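# Structural features, examined
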Amino acid sequence: MSILKASKLRKEYQLGEHVVEALKGINFEVKQGEFIAIMGPSGSGKSTLLHLLGGLDSPSDGEVTLGDAHLSQLTEYQATLARRHNVGFVFQFFNLLPTLTAEENILLPLIIDGKNPNEYEERLNHLLDLVGLHDRRSHKPDQLSGGEQQRVAIARALVTEPAILLADEPTGNLDTRTGTSIMELLQRSCRELSQTVIVVTHDPRAASYAARVIFLRDGNIVKEFKPSSKTPLNERMSGIMSTMQALES
Ligand SMILES: Nc1ncnc2c1ncn2[C@@H]1O[C@H](COP(=O)(O)OP(=O)(O)OP(=O)(O)O)[C@@H](O)[C@H]1O
Ligand SMILES: [Mg+2]
């Protein structure tokens, strides 16, 4: 069963008299527990697509279905609740609150949702295990490395146990090794928590962790790459790179 579905999704931006067609009719379905990477050149519509899938923005036409909810049929308030409970976001620039500790940042979505964080000690410990930050739990963001900050951001995105985790260039600001550890972490949350994960990335190395890679160009899905789960990482990466080259030529 699909957990997330995009049907004939279009997005136009009005820039003065000029109309930018960012997405031109996207159709695709995501199953629970899938790990998907979205790739494509700058300006191809990756972030726009991620925002529409997560209900951060609404399409000009077409429909996003999250579980059994048609996002466009919800009121703004219902859409906010649907997003809060079903979708976790991770961004390129971590977006942590500088005055809060790692632990407080992780718990923040629960507090916003009116929950008592003291009742979530077990969940917090489990997440600190997952992201390997037990000994950094009392650090403020400026006392953490970039990779650690991103791990806090991932734990924060997972704390409400969202059906779907959406990440826009989560490794874009990290060196290769740290980026690899973030992708391994996302892969682990897929495998261990059956977490559905969709990652936007420019980086074929990062994308090779996904089980399915979707290529966008000029607002359309132009290709899909689905390696066998037995394909080693380096072969997946070269497959992704040759697909990228073929699409650029
Ligand atoms: N708020 C906006 N107003 C007008 N045009 C926009 C807006 N946001 C995005 N666009 C345009 O829509 C197209 C798709 O943008 P989008 O940000 O989705 O691309 P992207 O694939 O994420 O690129 P990048 O890899 O550089 O992040 C681009 O041509 C962009 O200029
Ligand atoms: Mg983008």
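Since we're looking at a predicted model, the values are computed, not measured. (Residues numbered from 1 in each chain as written. Chains lettered and ligands numbered in written order. Predicted model: local features only at pLDDT ≥ 70, side-chain atom pairs only at ≥ 80, totals over all residues. Heavy atoms only, no water.)

### Some details on the packing of helix 5 (residues 146-158) against helix 6 (residues 176-193)
Applicable threshold: Simply put, an axis is a line fit to the C-alpha atoms, just over the touching stretch for a helix, and the angle between two N-to-C directions goes from 0 to 180 degrees. In this text, helices come from DSSP runs of H or I with a minimum length of four residues, and strands from runs of E with a minimum of two, each type numbered from the N-terminal end. An angle below 35 degrees is read as roughly parallel, one above 145 as roughly antiparallel, one from 65 to 115 as roughly perpendicular, and any other as oblique. Handedness of a helix crossing follows the sense of rotation of the near helix relative to the far helix, less than a right angle counterclockwise being left-handed and clockwise being right-handed. The contact criterion used throughout is that any non-hydrogen atoms of two residues lie within 4.5 Å. Ten residue types, Ala, Val, Leu, Ile, Met, Phe, Trp, Tyr, Cys and Pro, are classed as nonpolar, four, Asp, Glu, Lys and Arg, as charged, and the remainder, Gly among them, as polar.
Relative to each other, helix 5 and helix 6 sit at 20 degrees, their axes nearing to 10 Å. Taken together, the axes of helix 5 and helix 6 lie roughly parallel to each other. Seen from above, helix 5 lies across helix 6 with right-handed handedness. Contacts between helix 5 and helix 6 pair Gly147, Gln150, Arg151, Ile154 and Leu158 from the former with Thr178, Ile182, Leu185, Leu186 and Ser189 from the latter. Its residues assigned to classes, the contact of helix 5 with helix 6 comprises 5 nonpolar, 4 polar and 1 charged.

### Considering a nonpolar patch on the surface
Formally: Nonpolar side chains (Val, Leu, Ile, Met, Phe, Trp, Tyr) are joined into patches within 5 Å and like charges within 9 Å, using only residues with over 30% relative accessible area and no salt bridge. Values of accessible area rely on a 1.4 Å probe in the Shrake-Rupley scheme; residue burial ignores everything except the protein chains shown. Here a salt bridge means any side-chain nitrogen of Lys or Arg lying within 4 Å of a carboxyl oxygen belonging to Asp or Glu. Accessibility here uses a 1.4 Å probe with only protein chains present; expressed as a share of the type maximum, an area under 20% marks a residue as buried, one over 50% as exposed, and anything in between as partly exposed.
Together, Tyr13, Leu15 and Val20 make up an exposed nonpolar region whose accessible area comes to about 250 Å². Examined against the element boundaries, Val20 turns out to sit in strand 2 (residues 18-31). For Val20, a relative accessible area of 30% gives the class partly exposed.

### So, the sheet that holds strand 1 (residues 2-15)
Sheet strands associate in pairs through backbone hydrogen bonding, adopting either a parallel or an antiparallel arrangement. Operational definition: A strand pair is defined by DSSP finding two or more bridges across the two strands.
The 4 strands lie next to each other as 2-1-4-5, forming an open sheet whose pairing is antiparallel. Pairing within the sheet leaves two strands with one partner each, and these edge strands are strand 2 and strand 5 (69-70). Bridging between strand 1 and strand 2 involves 11 bridges; their strand directions are antiparallel. The residue bridging Leu9 from the neighbouring strand is Ile26, located in strand 2.

### Quick look at the site of ligand 1
Quick reminder of the rule: Here a residue counts as near a molecule or strand whenever at least one of its heavy atoms sits within 4 Å of it. Distance and chemistry together define a polar contact, namely a pair of N or O atoms within 3.5 Å, with one atom able to donate a hydrogen and the other to accept it when in protein, and with adjacent residues in sequence counting only for side-chain atoms on both sides.
Around ligand 1, the structure places 13 residues, and the nearest of them are Ser42, Gly43, Lys46, Ser47 and Thr48. Gly43 is positioned with one of its backbone polar atoms (N or O) 2.8 Å from an oxygen atom of ligand 1. For ligand 1, whose unbound accessible area comes to 640 Å², protein coverage reaches 63%. Every element with two or more residues in the shell around ligand 1 is listed here: strand 1, strand 2 and helix 1 (46-53). Element by element, the count of residues in the shell around ligand 1 is highest for helix 1, at 3 residues. Among the residues forming the shell around ligand 1, the class breakdown is 5 nonpolar, 7 polar and 1 charged.

### As for the side chain of Thr160
Within the secondary structure, Thr160 is located in the loop between helix 5 and strand 7 (164-168). Apart from the residues lying within four places of it in its own chain, the contact partners of Thr160 are Arg84, His85, Pro109, Leu110 and Arg123.

### Concerning the environment of Ser238
By secondary structure assignment, the location of Ser238 is in helix 8 (residues 233-248). Taking the C-alpha atoms as reference points, Ser238 and Arg205, separated by 33 residues in sequence, lie 8.9 Å from one another.

### Describing the nonpolar core
Put simply, the rule reads: Here, nonpolar core refers to any group of buried Ala, Val, Leu, Ile, Met, Phe, Trp, Tyr and Cys residues whose side-chain atoms link them within 4.5 Å.
One finds Phe35, Ile106, Leu186 and Val213 to be the most contacted residues of the largest nonpolar core, which totals 44 residues. Here the element with the most residues in this core is helix 5; it accounts for 6 residues. Core analysis: the second largest hydrophobic core is formed by 25 residues, Phe28, Ile38, Phe89 and Ile214 among them.

### A word on the pattern of salt bridges
A complete count under the given rule lists 12 salt bridges for this structure. The shortest N-O distance in the salt bridge between Arg212 and Glu34 comes to 3.0 Å. Here Glu34 lies in the loop between strand 2 and strand 3 (35-39) and Arg212 lies in strand 9 (residues 212-217), a separation of 178 residues in the sequence. With relative accessibility at 15%, the residue Glu34 sits in the buried group. In this structure, the salt-bridge partner of Asp113 is Lys115, at a minimum N-O distance of 3.0 Å. A residue is classified by how much of its surface remains accessible, and Asp113, at 17% relative accessible area, is buried. Each of Arg10, Glu12 and Asp61 takes part in one network of salt bridges that share partners.

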